[in-house]
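Chain by chain, the residues:
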Amino acid sequence: MQEDVRFQILRLLEDNPEMSQRDLAREVGISTGSANYVLKALIEKGFVKLGNFRAAQDKRRYAYVLTPRGAAEKAEITKRFLARKVAEYEALKAEIAQLRGEIDDGDMRPAAKRR
């Protein structure tokens, strides 16, 4: 779960470095406090650097920019994320095939009663 949140935040920041913590939290589906925690960890690990967001009228706004290390980390997380999703897809596909088979056989009784 934590890696998925990091992945989503890195992905969002890559395209939108000016996103606020509140915006990130809303997009990822976590609390603003959790977004703050993850961002601090990403900054401490050197995956994200903090910069001023020049276009903002409020000069206290920051941009969260992926570093080269952050881009590499995002690529590694993406590989793991994709592998997990493919495995989930394959398992779901097998379950759907099994359910279709049960429907086609007309046997909708629980497995314990089919014996």
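Residues numbered from 1 in each chain as written. Predicted model: local features only at pLDDT ≥ 70, side-chain atom pairs only at ≥ 80, totals over all residues. Heavy atoms only, no water.

Trainee: Please give an account of the pattern of salt bridges that cites residues and values.
Mentor: This structure, assessed with the given rule, holds 10 salt bridges. A salt bridge links R80 to E3; the nearest nitrogen and oxygen atoms lie 2.6 Å apart. Note that R80 is positioned in helix 4 (residues 68–105) and E3 in helix 1 (residues 2–15), a separation of 77 residues in sequence. One salt bridge connects R6 with E73, and the closest N-O pair in it is separated by 3.3 Å. Remark: E73 occurs in helix 4 and R6 occurs in helix 1; sequence separation between them is 67 residues. For R6, a relative accessible area of 16% translates into the label buried. Salt bridges sharing partners connect three or more residues here, namely E3, D4, R6, E73, R80 and R84. (Salt bridge = Lys/Arg side-chain N within 4 Å of Asp/Glu carboxyl O. Helix = DSSP H or I, 4+ residues; strand = E, 2+ residues; numbered from the N terminus. Buried < 20%, exposed > 50% of the residue type's maximum accessible area, 1.4 Å probe, protein only.)

Trainee: Account for the nonpolar core, with residues named and values stated.
Mentor: Within the largest apolar cluster, 21 residues are counted, with the highest numbers of intra-cluster contacts made by I9, L13, L24, I30, L42 and V48. Where this core is concerned, the elements lending two or more residues are helix 1, helix 2 (21–28), helix 3 (32–44), strand 2 (62–66) and helix 4. Excluding its chain neighbours within four sequence positions, the residues that come into contact with L24 are I9, L12, L13, M19 and L39. (Core = buried A, V, L, I, M, F, W, Y, C linked by side-chain atoms within 4.5 Å. Contact = heavy atoms within 4.5 Å.)

Trainee: Quick rundown of helix 4? Include the residues and the values.
Mentor: The first and last C-alpha atoms of helix 4 sit 55 Å apart over 38 residues, in line with the 56 Å expected at 1.5 Å per residue. Among the residues of helix 4, G70, E73, K74, I77, F81 and E102 are the ones counted as buried. One or two positions beyond helix 4, positive phi appears at G106, with a value near 75 degrees. (Expected span 1.5 Å × (residues − 1).)

Nothing here speaks to function; it is geometry throughout.
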